[in-house]
Amino acid sequence: MTTDAGEPTLTIDELAARTGVTVRTVRFYGSRGLLEPPVIGPRRVGHYGPGHVARLALIEELRRQGMTLAAIERYLRQLPAGIGPDDLAIHRAVVASWAPEAVETVSREELERRAGRPLGEEDVERLAAMNAVEPADDGTFRMDAGLLRLGVRLLDVPLSQESILAARKVLIEHSRAAARELSQLFRGEVAERDTRDVKSLSAHMHPLVVQALLTTFQRSLREELGEWLTGSRTD
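Here is what the cut-offs are and how they apply
Residues numbered from 1 in each chain as written. Predicted model: local features only at pLDDT ≥ 70, side-chain atom pairs only at ≥ 80, totals over all residues. Heavy atoms only, no water. Helix = DSSP H or I, 4+ residues; strand = E, 2+ residues; numbered from the N terminus. Buried < 20%, exposed > 50% of the residue type's maximum accessible area, 1.4 Å probe, protein only. Axes fitted to C-alpha atoms, helices over the stretch in contact; angles between N-to-C directions. Parallel < 35°, antiparallel > 145°, perpendicular 65-115°, else oblique. Left-handed = near helix turned anticlockwise from the far one by under 90°. Contact = heavy atoms within 4.5 Å. Nonpolar A, V, L, I, M, F, W, Y, C, P; charged D, E, K, R; others polar. Pairing = 2+ DSSP bridges. Lys, Arg positive; Asp, Glu negative; His and termini not counted. Salt bridge = Lys/Arg side-chain N within 4 Å of Asp/Glu carboxyl O. pLDDT = per-residue confidence, 0-100. Core = buried A, V, L, I, M, F, W, Y, C linked by side-chain atoms within 4.5 Å.

*Asks:* What exactly am I supposed to notice about the environment of Asp87 here?
*Replies:* Take Asp87: it is sitting in helix α5 (residues 85–96). Look at Asp87 and you get partly exposed, because its relative accessible area is 26%. In the structure, Asp87 is positioned 32 residues away from Arg55 in sequence and 9.9 Å away in space, judged by C-alpha atoms.

Okay, here's the thing in structure tokens:
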């Protein structure tokens, strides 16, 4: 079964495997209204789409940050109606910035289970080049769950590995430059303050700055792509 956009849907077992949670957890979130109901297909089997995957990943990220169930419910209620998977992924990226990186060591079988698809050697090489996974000598893989989801989506993008790596280099260089300039700006503001005040300000500013950067970049990218597409149609 596929969505209207032609994307394959998942059973509840496949959704749980893709996101690294249990079927019981999926059902619990659904019973609390945190996760939208699945589309019921033939033989009364529920089917979940990309929006469910993205929303469940956001819920799990909020839970990892120590949010209570009530706080997660409030957070989700504030999201715009009809928010799509890409915007949900942005929210998850902002939430993930509140804490240090969470890297897991997994087997090849678990890696493919999290990826939601079989991975050939070329796929693993591309994921490793994107720093989504790091193969170890014993056959296991160090995996960043957030980067893995992004990397797996990029496997199907019709771009060469060289182009993807060049884009990654551009993003890293410009984000580091922005981080450096913002840090210098904030240092001037807190130079005379108590150490505890500086740490408190840093903790509050981190997610706010990341959200501002993501929102600004998203808007700028849409404008650039819009101008490019408009120009292509008039050529």
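*Asks:* What should I look at first to understand the packing of helix α3 (residues 50–64) against helix α4 (residues 69–77) in this one?
*Replies:* For any two helices packed against each other, one specifies the crossing angle of their axes together with the interaxial distance. Two numbers describe how α3 lies on α4: the axes approach to 10 Å, and their chain directions differ by 135 degrees. Classed by the angle they form, the pair α3 and α4 counts as oblique. The two elements α3 and α4 cross, and the hand of that crossing is right-handed. When α3 is examined against α4, the residues Arg55, Leu58, Ile59, Leu62 and Arg63 are found in contact with a partner set consisting of Ile72, Tyr75 and Leu76. Of the residues in the contact of α3 with α4, the class split is six nonpolar, no polar and two charged.

*Asks:* Explain the sheet that holds strand β3 (residues 103–106) to me, please; I cannot follow it from the model alone.
*Replies:* Taking strand neighbours across the sheet as the criterion, the three strands line up as β3-β5-β4 in an open arrangement whose pairing is antiparallel. Strand pairing shows two members of the sheet lacking a second neighbour, β3 and β4 (133–135), which therefore form its edges. Taking each pair of neighbouring strands and ignoring which way they run, the sheet shows an average axis angle of 20 degrees. Bridge count between β3 and strand β5 (residues 141–144): four bridges; the pairing is antiparallel. Considered in β5, the bridge of Thr105 is made with Arg142.

*Asks:* Looking at this structure, how should I read the side chain of Arg55?
*Replies:* Here Arg55 lies in helix α3. One buried charged side chain, Arg55, makes no salt bridge at all; its nearest oppositely charged neighbour is Glu36, positioned 5.2 Å away. In this structure Arg55 touches Leu34, Leu35, Leu76, Leu79 and Leu88, once residues within four positions along its chain are discounted.

*Asks:* In this structure, what is going on with the confidence of the model for the chain? I would like to understand it.
*Replies:* Across the chain, pLDDT averages 79, with 77% of residues at or above 70. Confidence scores differ between elements of the chain, with helix α10 (residues 195–234) showing the lowest mean pLDDT of 66 and helix α2 (residues 23–31) the highest of 94. Low confidence marks residues 2–6, where pLDDT is under 50. Its contacts with residues over four positions away, or in another chain, come to five contacts.

*Asks:* Help me out: how do you make sense of unusual backbone geometry in this one?
*Replies:* Backbone geometry follows two general trends: most residues other than glycine have a negative phi, and most peptide bonds adopt the trans configuration. Within the chain, Arg43 stands out as a residue other than glycine whose phi angle is a positive 60 degrees. Among the secondary structure elements, Arg43 is positioned in the loop between β1 (39–40) and β2 (46–47). Judged by relative accessible area, which is 82%, Arg43 ranks as exposed. At Asn131, a position not held by glycine, the phi torsion is positive, near 65 degrees. Within the secondary structure, Asn131 sits in the loop between α7 (121–129) and β4. Owing to a relative accessible area of 46%, Asn131 belongs among the partly exposed residues under this scheme.

*Asks:* Sorry if this is basic, but what is going on with the pattern of salt bridges here?
*Replies:* Between side chains of opposite charge, a pair can form as their charged atoms come close. Enumeration according to the criterion identifies ten salt bridges in this entry. Across the pair Arg113 and Glu110 runs a salt bridge, and its minimum N-O distance is 2.8 Å. Within this pair, Arg113 and its partner Glu110 are both found in helix α6 (residues 108–115), separated by three residues, close to a single helical turn. Two residues, Glu134 and Arg142, come together in a salt bridge whose shortest N-O distance is 3.7 Å. Look at Arg142 and you get partly exposed, because its relative accessible area is 41%. Taken together, the salt bridges that share partners define one network made up of Glu104, Glu110, Arg113 and Arg114.

*Asks:* Just to check I follow, could you spell out the nonpolar core for this structure?
*Replies:* Here is a general trend for soluble globular proteins: nonpolar side chains tend to be buried in one another's company. In this structure, Leu15, Val26, Leu56, Leu58, Tyr75, Leu76 and Leu79 are the most contacted members of the largest nonpolar core, which totals 23 residues. Breaking this core down by element, the ones donating at least two residues are α1 (12–19), α2, α3, α4 and α5. It is α3 that provides the largest number of residues to this core, a total of six residues. Once you skip the residues sitting within four places of it in the chain, Val26 turns out to touch Ile12, Leu15, Ala16, Val21, Leu35, Tyr48 and Leu56. By size, the runner-up hydrophobic cluster in this structure holds 16 residues, among which are Val106, Ala115, Leu119 and Met130.

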